[in-house]
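Observations on the model geometry
Residue strings, one per chain:
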Amino acid sequence: MVFSIRRGLELTLLFAAAASLAACASHPKLAGPGPTGPSERPERGFAPPPPPGPVTEGEETGPVRPGSARDFVINAGDLVYFDFDSYSLRDDARPVLDAQAQWLGRYHEVRVRIEGNCDERGTREYNFALGARRANAVREYLVAHGVSASRIDTISYGKERPIDPGDSDEALARNRNGHSVILEGAR
Amino acid sequence: MRRQSLILVLIALLAGWSAAPAPARADIVINVDQGASQPLPIAVSAFSGSPVGGQISQVITANLERSGLFRPVDPAAFPERSFDVNLQPHFDLWKAVSAQALLTGQVVSEQDGRLRVDFRLWDVYAGEQLLGLQFTSTPDNWRRIAHKISDAVYEKLTGEKGYFDTRVVFVAESGTKLKPVRRLKIMDQDGANPSYLTDGSYLVFTPRFSPTRQEITFMALRPTGASIYLFNLETGRQEVLGHFPGMVFAPRFSPDGRKVAFSAEKAGNTDIYVMDLGNHATERLTTDPAIDTSPSFAPDGGQIVFNSDRGGSPQLYVMSSDGASAHRISFGSGRYMTPVWSPDGKFIAFTKQEGALFHIGVMRPDGSGERLLTTSYLDEGPSWAPNSRVVMFSRQTRGAGTGLWMVDISGQVTRPAPYPMSASDPAWSPLLN
């Protein structure tokens, strides 16, 4: 544990050194042309530090607690995918939904919301309707496999909440999904 | 030609648009820089009498130019500059700079502080006055005076109502694709006076103007669910229309402003409903298991065009406004969506998806005469100007953002709408009163 913290510190310091090197390298470009007097030109070595880079949201790590939202995502799976303009459950969706139904059967106090999502290759309104069909298809499957309907909400985000910002075929395929999100009751 | 009445020239131009055959596919690719085939050269002189006169002229010039029907003469070439609005211009001098129409005007501050603007519209080749009007308002309202003059000039020279004294409500987009922020915004049709209507704490979509009041309806989406709103622009009062267990979206006013048609979803099935805004009584208009959405009333209120996939793919259907006798009107290849009936009743604008491309197109209400006006990675959501000559829509450029665009119904003039930032779902207001 101590080792890993030290290791982290070392990495941080290394990163900081690299960042300040990068700042020095880019400094002459930043000064730019213009009728500025020498006093306005930042001295070498006194350049402002670069703006802080982006950091991802804090993601839970460490051992998976059974019955937690993370347990659901990792061990059941929270996403199933659909073909273009289709809301038929694909063969690769069924094992995921079977696992979701089993998991929800084990943790009775958990309530979920199924979010229906579409790729951007359609109109906003048609996609709200299509996303609702997808969410409902997932919901019906879970209900048919023993999950009480009262534990499942649905919503359609249409094409408005992609999980992949790209527009490649692969990105579009990822964005055609039913996303099961735990609302409450997880441990 | 030179001697021909310029009114006849413009009317012929407009008539040609309506009768134009469906263009060949190659013609659908729009050259943004190409104007209408024969835009009319018009000189808009700086209105005399006050510094605001020059600003009024600039607003008029920009309006007329944006329509694609007019080509403003460069002010640097003007042979005369300062006008007494009551004296005739020297027409020979204006012929020499190829102006066919000339607009002169003057601004007077009344004793009560109000602004009076007189203008004269001249036919340079006929050597006669076509129109003379005056408008009076408070000084801070000078832009609306300019829009009303633009409308008067447009109507006199085209024989059709103008659309410049109008506003546009739309969705201003910010944030990222993964964390979008959507705020309702309203502006004058020329981009002036932009103002936010919602704070971005929830997602908003598809605003629509009431045909009769300063009121809009729109869809809101929160993690807890969807709702449709009425929003009174004069009082700021907002009202949620009903409570629905599933998704609710695609709200549109009836032409009398007394009802809202919309889509609601139950157990995955989306149908079209209509709500009476007086007593909130709701009537279901479609009952099949297909997707039925994007309703739009005919201007007489008797029929509704809508989007349905009951035939296996999204197509356009027309039913009577009580839900009876639905019949399909789109039969071309591809997927047809978001139909919008034109205010004059003659056309239905739509979004068409075919292969990798999207188009804005128009067809007659019986489905004949389909013409595609635009082509891009993603065009959608047409909204008509109140004179049924121009359509505004959203265009998403691949790898870039989404913006507001406009196209005239000939498809000859496609250009960005005067809003330079990311935006979608434009809705054009009726002419202001």
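Source: prediction; values computed, not measured.

Observations concerning the nonpolar core
One finds M219, F262, I348, A349 and V391 of chain B to be the most contacted residues of the largest nonpolar core, which totals 104 residues. Looking at this core element by element, the count peaks at ten residues for helix α4 (residues 124-144) of chain A. The residues touching M219 of chain B, leaving out its near neighbours within four places in the chain, are V204, F205, T206, A226, I228, F249 and P251 of chain B. I56, F70, F119 and W142 of chain B belong to the second largest nonpolar core, which has 32 residues in total.

So, the domain arrangement of chain B
Residue and element names in this part refer to chain B. Assigned domains within chain B: domain 1 (39-158) and domain 2 (167-237 + 302-428). The distance between the C-alpha centroids of domain 1 and domain 2 comes to 33 Å. The interface of domain 1 with domain 2 comprises five residues on the first partner and six residues on the second. Of the residues forming the side of domain 1 that touches domain 2, the biggest block, three residues, is contributed by helix α3 (residues 51-67). Here the residues of the side of domain 1 that touches domain 2 sort into two nonpolar, two polar and one charged.

Overview of the sheet that holds strand β9 (residues 203-209) of chain B
All names here are of chain B. Spatially, β9-β10-β11-β12 is the arrangement adopted by the four strands of the open sheet, whose pairing is antiparallel. Whereas interior strands pair on both sides, the edge strands pair on one side only; in this sheet they are β9 and β12 (238-240). Shown here is a sheet whose adjacent strand axes are inclined to one another by a mean of 25 degrees, direction ignored. As paired strands, strand β10 (residues 215-222) and strand β11 (residues 225-232) are joined by eight bridges and run antiparallel to one another. When the sheet's bridge partners are listed, T217 is paired in β11 with L230.

Here we look at the packing of α3 of chain B against helix α5 (residues 142-158) of chain B
Residues and elements named next belong to chain B. It is the contact of α3 with α5, at a shortest axis distance of 9 Å, that shows an interaxial angle of 45 degrees. Regarding the angle of α3 to α5, the classification is oblique. The handedness of the crossing between α3 and α5 comes out as right-handed. Across the interface between the two elements, V52, Q55, I56, V59, I60, N63, L64 and S67 from α3 touch W142, R143, I145, A146, H147, I149, S150, V153 and Y154 from α5. Residues that form the contact of α3 with α5 fall into these classes: eleven nonpolar, five polar and one charged.

Parameters at a glance
- Here, residues in each chain are numbered from 1, in the same order as that chain's written sequence.
- Each chain gets a letter, beginning with A, and each ligand a number, beginning with 1, in the order they are written.
- Local features in a predicted model are, by the rule used here, given only for residues with pLDDT of at least 70; side-chain atom pairs are given and counted only at 80 or more, and totals for whole chains, interfaces and linings are based on all residues.
- Core membership is restricted to buried Ala, Val, Leu, Ile, Met, Phe, Trp, Tyr and Cys residues, and these are joined into a nonpolar core through C-beta atoms within 7 Å.
- For the exposure call, what matters is how many other C-beta atoms sit within 10 Å of a residue's own: 20 or more marks it buried, 12 or fewer exposed, and in between partly exposed, using C-beta atoms placed from the backbone.
- A run of H or I in DSSP becomes a helix once it reaches four residues, and a run of E becomes a strand once it reaches two; helices and strands are each numbered from the N terminus.
- Once C-beta atoms have been placed from the backbone, residue pairs whose C-beta atoms lie within 7 Å are recorded as contacts.
- Delimitation of the domains relies on an automatic or database domain assignment.
- Gly falls in the polar group here, along with every residue not listed as nonpolar (Ala, Val, Leu, Ile, Met, Phe, Trp, Tyr, Cys, Pro) or charged (Asp, Glu, Lys, Arg).
- Paired strands, in this sense, are two strands between which DSSP finds at least two bridges.
- All axes here are fitted lines through C-alpha atoms, helices being fitted over the stretch that makes contact, and every angle between N-to-C directions spans 0 to 180 degrees.
- Orientation is classified from the angle alone, with under 35 degrees giving roughly parallel, over 145 giving roughly antiparallel, 65 to 115 giving roughly perpendicular, and any other angle giving oblique.
- Two helices cross in a left-handed way if the nearer one is turned anticlockwise from the farther one by less than a right angle. They cross in a right-handed way if the turn is clockwise.

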